[in-house]
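Summary of structural features
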Amino acid sequence: MIVGAGDRPCVVIAVGAREHRGDPESIRYPVDKTALRHRAGAQEETSDPRAAYAHLPPREWSRYREGWLSDE
């Protein structure tokens, strides 16, 4: 989840993947107070992405809708 600050529209493009070099335990989802304030953080430290994101609704694909980037 990306939390923005400000009063202007913006576009965020993010590309990447978590690298674990063959050891899934090397990926950590830490507890972060700021992320938790925005309901975006892991509730407890884990290496399991399903546990880290369990409190979030399932992903839902969507096409761009006219007006999403409008500043009105």
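One can find the structure itself at the top, above this paragraph.
Residues numbered from 1 in each chain as written. Predicted model: local features only at pLDDT ≥ 70, side-chain atom pairs only at ≥ 80, totals over all residues. Heavy atoms only, no water.

Positionally, T46 belongs in the loop between α1 (33-37) and α2 (49-52). On the basis of relative accessible area, T46 is assigned to the buried category, the value being 14%. A distance of 3.0 Å separates a polar atom in the side chain of T46 from the backbone nitrogen of D48. Once residues lying within four places of it in the same chain are set aside, the contact partners of T46 are I27, R28, Y29, A51 and A52. (Helix = DSSP H or I, 4+ residues; strand = E, 2+ residues; numbered from the N terminus. Buried < 20%, exposed > 50% of the residue type's maximum accessible area, 1.4 Å probe, protein only. Polar contact = N/O pair within 3.5 Å; in protein donor to acceptor, adjacent residues only side chain to side chain. Contact = heavy atoms within 4.5 Å.)

Within this structure, the stated rule accounts for 1 aromatic pair. Consider the rings of Y29 and Y53, whose centres lie 5.6 Å apart with planes at 80°: the pair is edge-to-face. Of the two residues, Y29 is situated in the segment before α1 and Y53 in the segment after α2; the sequence distance between them amounts to 24 residues. Taking relative accessible area as the criterion, Y29 reaches 9% and is therefore assigned buried. For Y53, a relative accessible area of 39% corresponds to the partly exposed category. (Phe/Tyr/Trp six-rings, centres within 6.5 Å; stacked < 30°, edge-to-face > 60°.)

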